[in-house]
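Structural overview for review
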Amino acid sequence: MATTETWHVANWGLDVESSDSGSIYKHQCMTCGQKSSPAVTADGPDAWCLRHAEQTGHTDFRCAVTTFFRASLVGGARR
Ligand SMILES: [Zn+2]
C-alpha cells in the first residue's frame, strides 16, 4: 500500500503593526550611557539630547527605534 503525503505551504507577509502603537524612540548618550525616556516621536528624545549636551558636555548619542511587525497569511494556502 502506497502512502501519499500532501504538503500545503502558506504565503506569509509581514506588515508594520500600527493598531496598538507606532514606533518607539529612545536615545542614549554614548559617553555615560544615560537614556532618554521612550517616546512615540523623536522630538522628546532629541530635546533630551540637547539638554544632556548642555548639562554634561557629552555630544555623542545613538537612537534606538523599536517598530512592531505582524505576520499574516497572504492569499491563502498554496499547493
Ligand atoms: Zn552623557
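My aim in this report is to walk through the structure given alongside it, one point at a time. Small disclaimer: the values here were computed from a predicted structure and weren't measured.

Take the coordination of the zinc ion next. Only C29 (SG), C32 (SG), H52 (NE2) and H58 (ND1) from the protein coordinate the zinc ion, and they sit 2.0 to 2.3 Å from it. For the zinc ion, the 4 donor atoms are set out with angles of 106 to 113° between them, so the coordination reads as tetrahedral. Mapped onto the sequence, the residues coordinating the zinc ion show the spacing C-x2-C-x19-H-x5-H. For C29, a relative accessible area of 1% gives the class buried.

We now examine the environment of V40. In this structure, V40 sits in the loop between β2 (24-29) and α1 (43-56). C-alpha separation for the pair V40 and V65, spaced 25 residues apart in sequence, amounts to 9.4 Å. Residues contacting V40, with those up to four places away along its chain left out, are S23, I24 and Y25.

Reading guide: rules and limits
Residue numbering note: each chain is counted from 1, following its sequence as written. Side-chain atom pairs in this predicted model are given and counted only at pLDDT of 80 or more, local residue features only at pLDDT of at least 70, and totals for whole chains, interfaces and linings cover all residues. Water and hydrogen atoms were dropped before computing side-chain values, which therefore reflect all heavy atoms in the structure. Distances up to 2.8 Å from the metal define which N, O and S atoms are donors, and 3.2 Å serves for Na, K and Ca; water is absent from the atom set, so sites may look incomplete. Square planar and octahedral assignments, for four and six donors respectively, both demand that opposite donors be over 155 degrees apart and that all other angles lie between 65 and 115; tetrahedral needs four donors with all angles between 85 and 135 degrees, and anything else is irregular. Only protein chains enter the calculation, and the probe is 1.4 Å; a residue is then buried if its accessible area is under 20% of its type maximum, exposed if over 50%, and partly exposed in between. The numbering of helices and of strands both runs from the N terminus, where a helix is a DSSP run of H or I of at least 4 residues and a strand a run of E of at least 2. We call two residues contacting when some pair of their heavy atoms lies within 4.5 Å.

Bear in mind that shape data such as this cannot, by itself, settle questions of function.
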